[in-house]
Amino acid sequence: MAMPKALIIRTAGTNCDFEAQKAFELCGAKAERIHVNELLTSASKILSYDILLVPGGFSYGDDIASGKILANEIKNKLGDKIKRFALSGKPVIGICNGFQVLVKMGLLPDPELFDQTATLSYNDSGRFECRWVYLKNEKNKCLWTKDLPEIITLPVAHGEGKFIAANSETLKEIEDNSQVVFRYVNADGSKADYPADPNGSVNAISGICNDKGNVFGLMPHPERYVYALQHPAREGFDGKYGCGKKIFQNAVDYLK
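Residues numbered from 1 in each chain as written. Predicted model: local features only at pLDDT ≥ 70, side-chain atom pairs only at ≥ 80, totals over all residues. Heavy atoms only, no water.

Enquirer: Please explain the overall build of the chain as it appears in this structure.
Expert: For the chain, the count of helices and strands is 6 helices and 11 strands. Taken against the 2.2 N^0.38 rule, which gives 18 Å for 256 residues, the C-alpha radius of gyration of the chain at 16 Å falls within 12% of a compact globule. Principal-axis analysis of the C-alpha atoms gives the chain an extent of 50 × 40 × 35 Å. Looking at the chain as a whole, 54% of its 256 residues are labelled buried. A fraction of 76% describes how many contacts in the chain between residues 6 or more apart in sequence connect residues 24 or more apart. In the chain, 31 side chains carry a positive charge and 31 a negative one; their mean positions are 5 Å apart. (Helix = DSSP H or I, 4+ residues; strand = E, 2+ residues; numbered from the N terminus. Rg over C-alpha atoms; globule rule 2.2 N^0.38 Å. Buried < 20%, exposed > 50% of the residue type's maximum accessible area, 1.4 Å probe, protein only. Contact = heavy atoms within 4.5 Å. Lys, Arg positive; Asp, Glu negative; His and termini not counted. Charge placed at Lys NZ, Arg CZ, Asp CG, Glu CD.)

Right, dumping it as structure tokens:
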């Protein structure tokens, strides 16, 4: 595969689609930002792509709940194609608002079940939280995080990022099945309290994947740390690049 094609689904309120497009292009993929309304008239078009991304922002103003309207729209009108895409093993990622969408439409944690078994709710602080955080890269099966260091840093910017499983059985399954990808931690990897943990997620979870490891959702923004210059201390992960680039690169390299 010479140049993988990435589909970036956007709608009213999406505001991180250009950054995601740039990240994919930097990693050797062709990325297209397509409005969900266009996909509603040509749903089969989805299956012609190799990667699918639901970006951050405030889709439909986060009315009702963050990502809920877009989640319902995609599931009810494009669900068959989206589910087929995910179950085929192709890389899928939802970032911040996109993570909320994937969870609320049921694509995470189990695309085969395709039913909502978790949510992302209001931060414990009751306010919008925007800062750089440290994340522990757990031993997991996620293809997007291959070869990342154990501790990385990424920025967060959300008001509803608290991950909650529907019940203890669901949470246990996610934990036991190595589907927890990232947790909020302190710089030394120790347990984080607020503000290092910006939302109070259960078990400090900040990102999860499905059982196959191809569907990935996270609250922090890798597309906002593609270049070292985007870090306040100008710190890079790989020369001039930030660790966010590695996340996108992993998906492109997986397809190649």
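Read on for the rest.
Enquirer: What is the right way to read the environment of Thr170 from this model?
Expert: One can find Thr170 in helix 5 (residues 168-176). Owing to a relative accessible area of 13%, Thr170 belongs among the buried residues under this scheme. It is 27 Å that separates the C-alpha atoms of Thr170 and Phe128, two residues lying 42 residues apart in sequence. Apart from residues lying up to four places away in sequence, Thr170 is in contact with Thr117 and Ala165.

Enquirer: Would you mind going over the pattern of salt bridges with me for this structure?
Expert: Two side chains with opposite charge may pair up if their charged atoms get near one another. For the structure on display, the rule yields 12 salt bridges. The residue Arg33 makes a salt bridge to Asp17 at a minimum N-O spacing of 2.8 Å. Linking Arg33 in strand 2 (residues 30-35) with Asp17 in helix 1 (residues 17-26), this pair joins segments that are 16 residues apart in sequence. Of the residues examined, Arg33 reaches a relative accessible area of 25% and is grouped as partly exposed. Using a relative accessible area of 4% as the deciding quantity, one classes Asp17 as buried. When salt bridges that share partners are traced, they join Arg127, Glu129 and Arg131 into one network. (Salt bridge = Lys/Arg side-chain N within 4 Å of Asp/Glu carboxyl O.)

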